[in-house]
Amino acid sequence: MGGIDRRSVFVAAAAAATGAAVLPAMAQPAMRRLAELKKEADIACLYHCDFGDPPRFVQMLQNIANHYSVYGNPFDLQLCVVAHGQGVKFFLETLEGTTWKDEAMVPQLFQRVRDVAKNGLQVLLCDITFERLKLDRSRTRKDEFLSFVPSGVATVAALQTKGYAYLKVG
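An account of the accompanying structure is given in this report.

The rules we used
Residues numbered from 1 in each chain as written. Predicted model: local features only at pLDDT ≥ 70, side-chain atom pairs only at ≥ 80, totals over all residues. Heavy atoms only, no water. Buried < 20%, exposed > 50% of the residue type's maximum accessible area, 1.4 Å probe, protein only. Helix = DSSP H or I, 4+ residues; strand = E, 2+ residues; numbered from the N terminus. Arc of directions from axis to C-beta. Salt bridge = Lys/Arg side-chain N within 4 Å of Asp/Glu carboxyl O. Pairing = 2+ DSSP bridges. Contact = heavy atoms within 4.5 Å. Axes fitted to C-alpha atoms, helices over the stretch in contact; angles between N-to-C directions. Polar contact = N/O pair within 3.5 Å; in protein donor to acceptor, adjacent residues only side chain to side chain. Right-handed = clockwise from strand over helix to strand, strands pointing away.

Turning our eyes to something else, we now look at helix α3 (residues 107-117). Those residues of α3 that sit buried are Leu 109, Phe 110, Val 113, Val 116 and Ala 117. Relative to the axis of α3, the buried residues are bounded by an arc of 115° and lie together on one face. Exposed residues on α3 whose side chains face more than 90 degrees from its buried face are Pro 107 and Gln 108.

This is the structure in C-alpha cells:
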C-alpha cells in the first residue's frame, strides 16, 4: 500500500469536523516501508517516543501542539511520532494481555493525540516491538494517522537522513 499523504489526512480531519462521512474504519494500521516515508515540508521533525511515562507523553503532546501553533499553515510543517518499546502502549485500544495490563488507560491522552493529528501529525509504530512483546496488531487504535513501520529505531535514522530534525522529550 502506498503511504497516506498529508493532504488526505487533512481532508479526513475536515470531514470529521464538519460531520461529513469519513473513510471506512481500518482493520488495523497499514505497514509502511521506510522508502515510502518522505519529507514533504520545509520544516520536518520527528518526535521519538520509546517511553511509557504518561506525564512525559503529555509533555510530548504539548510540545507538538506548541510546534504547530507557530505555523499558520499546517502544510508548512511536517511532524511525526516514532513509537517503539513502551511508547506503543499509548496507541493500543486496551492494555489487557500486555505487560502493562495493570496500568490504567487514560482516554483523554489519546484524544489529545487525535487533536494534534488534525494538523497532519503521523504516528509510526514499530512492528518489531509488536512482534517481540507478542502484541496483537489488531488491538491498535484504528485512526488514519497511525501506521506501522518495520523498525522504530531504523525509522528514526531513516527520517533523519531525509532531513527531519530529531526531538525527544525528557
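Using the criterion set out here, one finds seven salt bridges in the structure. In this structure, Glu 36 and Arg 33 form a salt bridge, with 3.8 Å as the shortest nitrogen-oxygen distance. For Glu 36, a relative accessible area of 15% gives the class buried. The closest approach of N and O atoms between Arg 137 and Asp 127, which form a salt bridge, is 2.5 Å.

Taken together, the six strands give an open sheet; going across it, the order is β1-β5-β4-β3-β2-β6, and neighbouring strands pair in parallel fashion. Edge positions in the open sheet fall to β1 (30-31) and β6 (165-167), since each of these has one partner strand only. Both strand β3 (residues 77-83) and strand β4 (residues 122-126) contribute to a ladder of four bridges, which runs parallel. By the bridge assignment, Cys 80 is partnered in β4 with Gln 122. Sheet strands touched by helix α5 (residues 152-161): β2 (43-49), β3, β4, β5 (146-149) and β6. Its angle to β3, the strand with the most contacts, is close to 155°.

A word on the environment of Lys 89. Note that Lys 89 resides in the loop between β3 and α3. On the basis of relative accessible area, Lys 89 is assigned to the buried category, the value being 5%. Residues Lys 89 and Gly 52, 37 residues apart in the sequence, show an inter-C-alpha distance of 7.0 Å. Excluding anything up to four places from it in sequence, Lys 89 contacts Gly 52, Leu 95, Trp 100, Glu 103 and Met 105. A distance of 2.3 Å separates the side chain of Lys 89 from the side chain of Glu 103, its partner in a polar contact.

Looking now at the pairing of β4. Every regular strand shows the same layout, with side chains that alternate between the two sheet faces. Across the five residues of β4, five count as buried, placing the element largely inside the fold. Burial of β4 is two-sided: the residues Gln 122, Leu 124 and Cys 126 facing one way and the residues Val 123 and Leu 125 facing the other way are all buried. When β4 meets β5, the two strands line up parallel, connected through four bridges. In the sheet register, Leu 125 faces β5, and the bridge partner there is Phe 148. Each parallel crossover has a hand, and for β4 linked through helix α4 (residues 127-132) to β5 it is right-handed.

This brings us to α5. Where α5 is concerned, the buried positions are Gly 152, Thr 155, Val 156, Ala 158 and Leu 159. Where α5 is buried, its residues touch β2, β3, β4, β5 and β6. Between the side-chain oxygen of the N-cap and the backbone nitrogen of Ala 154 there are 3.2 Å, and the N-cap of α5 in question is Ser 151. Two residues or fewer after α5 comes Gly 163, characterised by a positive phi angle close to 105°.

Glancing now at the side chain of His 48. Tracing the sequence through the fold places His 48 in strand β2. Setting aside its immediate chain neighbours within four residues, His 48 contacts Val 82, His 84, Val 156, Tyr 166, Leu 167 and Lys 168.

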